[in-house]
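Examining the three-dimensional arrangement
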Amino acid sequence: MLLLFVCGRKTWATKGEELEEAKKEFIEILKTLQSELGDKPYFGGDRFGFVDIVLIGFYSWFPAYQRFGNFSIEPECSKLMDWAKRCMERESVAMSLPDPDKVVGYVLQLKKLYDSATMAEEVILLDFWPSPFGVRARIALREKGVEFEYREENLRDKSPLLLQMNPVHKKIPVLIHNGKPVCESMNVVQYIDEVWSDRNPILPSDPYQRAQARFWVDFIDTKLYEPADKIWSTKGEEQETAKKKYIEVLKVLESELGDKPYFGGDNFGYVDIAMTGYYSWFEASEKCGNFSIEPECPTLMASARRCLQRESVVNSLGDSEEIVAFAFKIRKIYCV
Ligand SMILES: N[C@@H](CCC(=O)N[C@@H](CS)C(=O)NCC(=O)O)C(=O)O
């Protein structure tokens, strides 16, 4: 009987091969019981007995099993069905068994709950370990506690998956959520915030504050990238100009930060995630450019340290020495 219960449950809770196996086994069990019944009216012989009581409880579940498992019991087990109908003629049984339609409705509810609990979220991140953009997506996922599969890309020999998922820019990061790609790092961060909205908000809930956060992220991505890039990829006067511009932009950001611990106020938020990509390269920029950010922007630096100590950030960043070594390696290729 326990086996019958297990297989019955599988007719609505499983799919594919497992379901097919369960249906087969379910019918096999019923056939074994049917042959035990033989020509007797009840399992107890002429009298409705112990085995009859135990088995008849399953009868009101048959319509649910058949509907969700998409199979039919009657053709294979007609004698057993006759037995069940005989039992149902007994007042004690008819009054005790639940209405089969109600059971179907109940199983439908169970099935919905079960499906939503077991539906695996597939989250894949196409990334490149030193990327200041990739790290933003990693941090956002970790801030939300979302499990994800990290896939390292070789940007000199991009995978067919990257080309297929980001055919416009062909760049990382790309978040692939249940097969669907989301591109551009801050767009990815916003998407993560919206999908897993039940925990640790990244963007502020107030529309004005949200607009302000998006404004500053746009400022960061349009003003900071170019000088940051030139610090490690150029030398001489071009590099000097880039350093000056870089500090100028950081100072604007520092004045926006004011005396808040984070751009997001007391909380590490959208602008902080955008900046942490750059913070992860501060040491490499300073070493490649032979300059120091701290004396120019001490409060921004204090906030950067605070961000870099967060668990989500520590777990998302490589060793800063490795980023410095990587920056020098590509610097050699570009300009020395
Ligand atoms: N605006 C993009 C920038 C992404 C980006 O520049 N990614 C670089 C790695 S750091 C990349 O994939 N480069 C490959 C290429 O340019 O071919 C974002 O925010 O996601």
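What you are looking at is a predicted structure, and each value in this text was computed from that prediction instead of being measured. (Residues numbered from 1 in each chain as written. Predicted model: local features only at pLDDT ≥ 70, side-chain atom pairs only at ≥ 80, totals over all residues. Heavy atoms only, no water.)

A closer look at the sheet that holds strand β4 (residues 180-183)
Pairing is mixed across the open sheet formed by four strands, whose spatial order is β2-β1-β3-β4. Each of the sheet's edge strands pairs with one partner strand only, and the pair in question is β2 (149-152) and β4. Averaged over neighbouring strand pairs, the angle between their axes works out to 20 degrees when direction is ignored. Pairing between strand β1 (residues 123-127) and β2: four bridges, direction parallel. Paired with Leu 125 across the strands is Tyr 150, a residue of β2. (Pairing = 2+ DSSP bridges. Helix = DSSP H or I, 4+ residues; strand = E, 2+ residues; numbered from the N terminus. Axes fitted to C-alpha atoms, helices over the stretch in contact; angles between N-to-C directions.)

Notes on the site of the ligand
Near the ligand you find Ser 131, Phe 133, Leu 155, Lys 158, Lys 171, Ile 172, Pro 173, Glu 184 and Ser 185, and these make up its full shell. Interatomic distance of 2.5 Å between a side-chain N/O atom of Lys 158 and an oxygen atom of the ligand. Contact distances for the ligand include 2.6 Å between an oxygen atom and a side-chain N or O atom of Ser 185. For the ligand, the protein covers 74% of the area, taking 510 Å² as the surface of the free molecule. Broken down by class, the residue content of the shell around the ligand amounts to four nonpolar, two polar and three charged. (Near = heavy atom within 4 Å. Polar contact = N/O pair within 3.5 Å; in protein donor to acceptor, adjacent residues only side chain to side chain. Areas by Shrake-Rupley, 256 points an atom, 1.4 Å probe, with all protein chains shown as cover. Nonpolar A, V, L, I, M, F, W, Y, C, P; charged D, E, K, R; others polar.)

Here we look at the packing of aromatic side chains
In this description, a pair of aromatic rings is defined by centroid distance and the angle of the planes. In this structure the tally under the stated criterion is 21 aromatic pairs. Where Phe 43 meets Trp 83, the ring centres are 5.4 Å apart and the plane angle is 85 degrees; that geometry is what we call edge-to-face. Separated by 40 residues along the polypeptide, Phe 43 in the loop between α2 (16-37) and α3 (50-56) and Trp 83 in helix α5 (residues 78-88) bring together distant segments of the chain. One exposure class covers both Phe 43 and Trp 83, and it is buried. Taken together, a centroid distance of 6.1 Å and an interplanar angle of 40 degrees make the contact between Trp 61 and Tyr 65 tilted. The exposure class assigned to Trp 61 is partly exposed, which follows from its relative accessible area of 25%. Judged by its relative accessible area of 3%, Tyr 65 is buried. Pairwise contacts between aromatic rings join Phe 26, Tyr 59, Trp 61, Phe 62, Tyr 65, Phe 71 and Tyr 106 into one cluster. Residue placement shows Arg 9 over the ring face of Trp 12; its charged tip is 5.9 Å from the ring centre. (Phe/Tyr/Trp six-rings, centres within 6.5 Å; stacked < 30°, edge-to-face > 60°. Buried < 20%, exposed > 50% of the residue type's maximum accessible area, 1.4 Å probe, protein only. Lys NZ or Arg CZ within 6 Å of the ring centre and 35° of its normal.)

Digging into the state of the cysteines
Counted according to the given criterion, the structure contains zero disulfides. Of all cysteine sulfurs, the one in Cys 7 lies closest to Cys 77, which takes part in no disulfide; the gap is 13 Å. (Disulfide = S-S within 2.5 Å.)

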